[in-house]
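Here's the letter readout for the chains.
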Amino acid sequence: MPAPVPLHADSAPYAHGHLPTDDGHELYWETCGNPAGLPALVLHGGPGSGCSPRFRRYFDPARYRIVLLDQRGAGRSRPHASEPAHDLATNTTPHLIADLEALRAHLGIDRWLVWGGSFGSFLGLRYAQLHPARVRALVLTGVATGSRAEVEVLTRGLGRYFPEAFARFRAGVPEAARDGDLAAAYRDLLASPDPAVRALAARDWTDWETAIMPAAPRSEPRYEDPRFRLGFVRTVTHYWSHDHFLGGDEVILREAHRLHGIPGTLVQGLLDPGNLTGAVHRLAAAWPEARLHVVNDGVHGANAEMAGHLVAATDHYADEAEAAA
């Protein structure tokens, strides 16, 4: 196996701000790297996680204009999804895609490379399907397509492999809801007027999320922040219990033909639980311009080898853009 490609040096933001929407949100954005470089948009996961400075290091700061965005309700965007009075009705996939177009216009960008991880890969795929002329290339990891099968695996199917953790997770919702849609059941708990009920539901959910990740600790450091935990779980259950607001099942896969003509790199860990549905392989098979890298010891998150593939991909697309200039 070749030596891993190192991450690029970090690049502090040279500009940032909050972009207001017409329905009361203020979206935090920042730009890093070279102001005259190849534009690249970073889409975080969750949904509801917010952007991490680490994402900047997948891009050469001398060659890229790196745009990071905290999606609605997440990170430094306002209002935050942890606020009980915040109505998530204006946080849907169509809203997020409209936000990406608004930010692109605000920054004066014609086309950009789109990088996404986990839910960010889902959002990047749907954005590219609806706005293909605005996407130079896609670089995606922890690939998710928003299907019901993926949600079912992550909320119930993995219970046979983690029976004790699943029993605790299932017991966290009312007895009448335990054999139904667990994402919807937790969503309803998170709408409770009782803050103790909301807090316990959020903790139970994040305990399950960490239990199903191989070699994960009991809880990621970010899950120890009550504000993050509540906003994150509220947003995840909101999307997962509403078919990701696509209006049907397997929409991304059924409309994979919309990606034709867009170069893509897919980097997936073999041990990613999302692989159990076969979605990433089906996507790659339906998208001739995509190259799939499966890393044998990779999980849902970039280890050194996966990070190397991601860096190599962004370097490659920068090389192509420079050659074509």
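Above this text sits the structure in question.
Residues numbered from 1 in each chain as written. Predicted model: local features only at pLDDT ≥ 70, side-chain atom pairs only at ≥ 80, totals over all residues. Heavy atoms only, no water.

Novice: Residue-level account of the nonpolar core, with values.
Specialist: Ranked by internal contacts, the top residues of the largest apolar core, which has 66 residues, are Leu125, Leu138, Leu266 and Leu283. Per-element accounting of this core gives the leading share, 7 residues, to helix H7 (residues 226-240). Cys32, Phe59, Val139 and Leu310 belong to the second-largest nonpolar core, a separate cluster that totals 25 residues. (Core = buried A, V, L, I, M, F, W, Y, C linked by side-chain atoms within 4.5 Å. Buried < 20%, exposed > 50% of the residue type's maximum accessible area, 1.4 Å probe, protein only. Helix = DSSP H or I, 4+ residues; strand = E, 2+ residues; numbered from the N terminus.)

Novice: Give a description of the packing of helix H6 (residues 195-211) against H7 that names residues and reports values.
Specialist: At a closest axis distance of 9 Å, the pairing of H6 and H7 adopts a crossing angle of 75°. Relative to H7, the element H6 is oriented roughly perpendicular. Counting all contacts with H6, which are made through Arg198, Ala202, Arg203, Trp205, Thr206 and Glu209, the residues of H7 involved are Arg229, Leu230, Phe232, Val233, Val236, Thr237 and Trp240. Class assignment of the residues belonging to the contact of H6 with H7 gives a composition of 7 nonpolar, 2 polar and 4 charged. (Axes fitted to C-alpha atoms, helices over the stretch in contact; angles between N-to-C directions. Parallel < 35°, antiparallel > 145°, perpendicular 65-115°, else oblique. Contact = heavy atoms within 4.5 Å. Nonpolar A, V, L, I, M, F, W, Y, C, P; charged D, E, K, R; others polar.)

Novice: Please set out the pattern of salt bridges residue by residue, giving values where relevant.
Specialist: In total, this model carries 20 salt bridges according to the counting rule given. Between arginine 134 and aspartate 110 there is a salt bridge; the shortest N-O distance is 2.6 Å. With arginine 134 in the loop between helix H2 (119-130) and strand E6 (135-141) and aspartate 110 in the loop between helix H1 (93-106) and strand E5 (112-117), the pair connects residues that are 24 residues apart, well separated along the chain. Taking relative accessible area as the criterion, arginine 134 reaches 26% and is therefore assigned partly exposed. Here aspartate 188 makes a salt bridge to arginine 187, at a shortest N to O gap of 3.1 Å. On the accessibility criterion, arginine 187 (25% relative accessible area) is partly exposed. One connected set of salt bridges, linked through shared partners, spans Asp10, Glu30, Arg56, Asp70 and Arg76. (Salt bridge = Lys/Arg side-chain N within 4 Å of Asp/Glu carboxyl O.)

Novice: I'd like a rundown of the environment of isoleucine 212, residues and numbers included.
Specialist: Mapped onto the secondary structure, isoleucine 212 falls in the loop between H6 and H7. Given a relative accessible area of 5%, isoleucine 212 falls into the buried group. Residues isoleucine 212 and alanine 176, 36 residues apart in the sequence, show an inter-C-alpha distance of 24 Å. With sequence-adjacent residues up to four places away left out, isoleucine 212 is seen in contact with Leu154, Leu158, Phe162 and Pro273.

Novice: Tell me what's going on with the sheet that holds strand E2 (residues 26-33), and back it up with residues and numbers.
Specialist: If you walk across this open sheet you meet the 8 strands as E1-E2-E4-E3-E5-E6-E7-E8, and the pairing is mixed. Every other strand in the sheet has two partners, leaving strand E1 (15-20) and strand E8 (290-295) as the edge strands with one partner each. Looking at each pair of strands side by side, their axes are set apart by 20° on average, direction ignored. Relative to E2, E1 runs antiparallel, the two sharing 6 bridges. Bridge assignment links leucine 19 to a residue of E2, and that residue is leucine 27. Along the sheet, helix H10 (residues 304-324) makes contact with strand E3 (38-43), strand E4 (64-69), E5, E6, strand E7 (264-269) and E8, crossing E6 at roughly 175°. (Pairing = 2+ DSSP bridges.)

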